[in-house]
Amino acid sequence: MATKVKHKYTVGPDVDLKREIVRLKDGTRLTNTLAAKMAKDAIKQAVGRPSLTAKSVESPQIKVRVPVKLKKALDKEAKRRGETNSAIVREALEKYLKSA
């Protein structure tokens, strides 16, 4: 089910922003300071989902194997509800453990 991601960028040599003038779409000159700020902002956005446990605490993960039929049913239900598979599995597990 996993698909390979093709990168839409090409890695090239570093640019010396003190010597070369690079402009952003709005015409602003890209400086080392601005590039560092943009990189920090990008990293903040790419960190991932918030913790379910507590701030700055990584939530534990559970990995399970399921039959294809069950996975397809989960995908269908998640799409119908507009939720993630994880949210539905957490809900089902909580209900099951409360009734056990």
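See the structure above.
Residues numbered from 1 in each chain as written. Predicted model: local features only at pLDDT ≥ 70, side-chain atom pairs only at ≥ 80, totals over all residues. Heavy atoms only, no water.

Trainee: What am I meant to see in the overall build of the protein here?
Mentor: Looking only at helices and strands, the protein features three helices and zero strands. What you see in the protein, going N to C, is helices and strands ordered as α-α-α. Buried residues in the protein amount to 5% of all 100 residues. A sequence separation of at least 24 residues applies to 10% of the contacts in the protein between residues at least 6 apart. Put simply, the protein shows about 10,200 Å² of open surface, and 58% of that area lies on carbon and sulfur atoms. (Helix = DSSP H or I, 4+ residues; strand = E, 2+ residues; numbered from the N terminus. Buried < 20%, exposed > 50% of the residue type's maximum accessible area, 1.4 Å probe, protein only. Contact = heavy atoms within 4.5 Å. Areas by Shrake-Rupley, 256 points an atom, 1.4 Å probe, with all protein chains shown as cover.)

Trainee: How do you make sense of the pattern of salt bridges when you look at a structure like this?
Mentor: One side chain can pair with another of opposite charge once the charged atoms of both are near each other. Inspection of the entire model under this criterion finds seven salt bridges. The partner of Lys-71 in a salt bridge is Asp-75, and the shortest N-O contact between them spans 2.7 Å. Separated by four residues within a single helix, Lys-71 and Asp-75 lie in helix α2 (residues 68–81), roughly one turn from each other. Three or more residues are tied together by salt bridges with common partners; here these are Glu-77, Arg-80, Arg-81, Glu-83, Glu-91 and Lys-95. (Salt bridge = Lys/Arg side-chain N within 4 Å of Asp/Glu carboxyl O.)

Trainee: Just checking my understanding: could you explain the environment of Thr-33 for this structure?
Mentor: Of note, Thr-33 is situated in helix α1 (residues 32–45). Sequence separation between Thr-33 and Leu-17 is 16 residues, and the spatial gap between their C-alpha atoms is 9.8 Å.

Trainee: Can you help me understand the layout of surface pockets in this one?
Mentor: Over the atoms, a rolled probe matching the size of one water molecule traces out where space is still vacant. The volume enclosed by the largest pocket comes to roughly 1,300 Å³. What lines the largest pocket is a set of 27 residues, and nearest its centre among them are Gln-61, Ile-62, Ser-86, Val-89 and Arg-90. Listing elements by their share of the lining of the largest pocket, those giving two or more residues are α2 and α3 (85–99). Looking at the lining of the largest pocket, the element that brings in the most residues is α3, giving eight residues. (1 Å grid on protein atoms, 1.4 Å probe; cavity = no way out; pocket = protein on both sides within 12 Å on 5 of 7 lines; lining within 4 Å. Points joined across faces, edges and corners; volume = space filled by probe spheres on them.)

Trainee: Where do I start with a nonpolar patch on the surface in this structure?
Mentor: A contiguous nonpolar patch, built from Ile-62, Val-64, Val-66, Leu-70, Leu-93, Tyr-96 and Leu-97 and spanning about 750 Å² of accessible area, is present on the exposed surface. Here the element with the most residues in the nonpolar patch is α3; it accounts for three residues. Secondary-structure assignment places Leu-93 in helix α3. The class of Leu-93 is partly exposed, set by a relative accessible area of 39%. (Patch = residues over 30% accessible without salt bridge, like charges linked within 9 Å, V, L, I, M, F, W, Y side chains within 5 Å.)

Trainee: Would you take a moment to explain the packing of α2 against α3 for this structure?
Mentor: As a packed pair, α2 and α3 sit with axes 9 Å apart at the nearest point and diverge in direction by 105°. On the basis of their axis angle, the class for α2 and α3 is roughly perpendicular. Residues Lys-71, Leu-74, Asp-75, Glu-77, Ala-78 and Arg-81 of α2 form the contact with α3, whose own contacting residues are Asn-85, Ile-88, Val-89 and Glu-91. (Axes fitted to C-alpha atoms, helices over the stretch in contact; angles between N-to-C directions. Parallel < 35°, antiparallel > 145°, perpendicular 65-115°, else oblique.)

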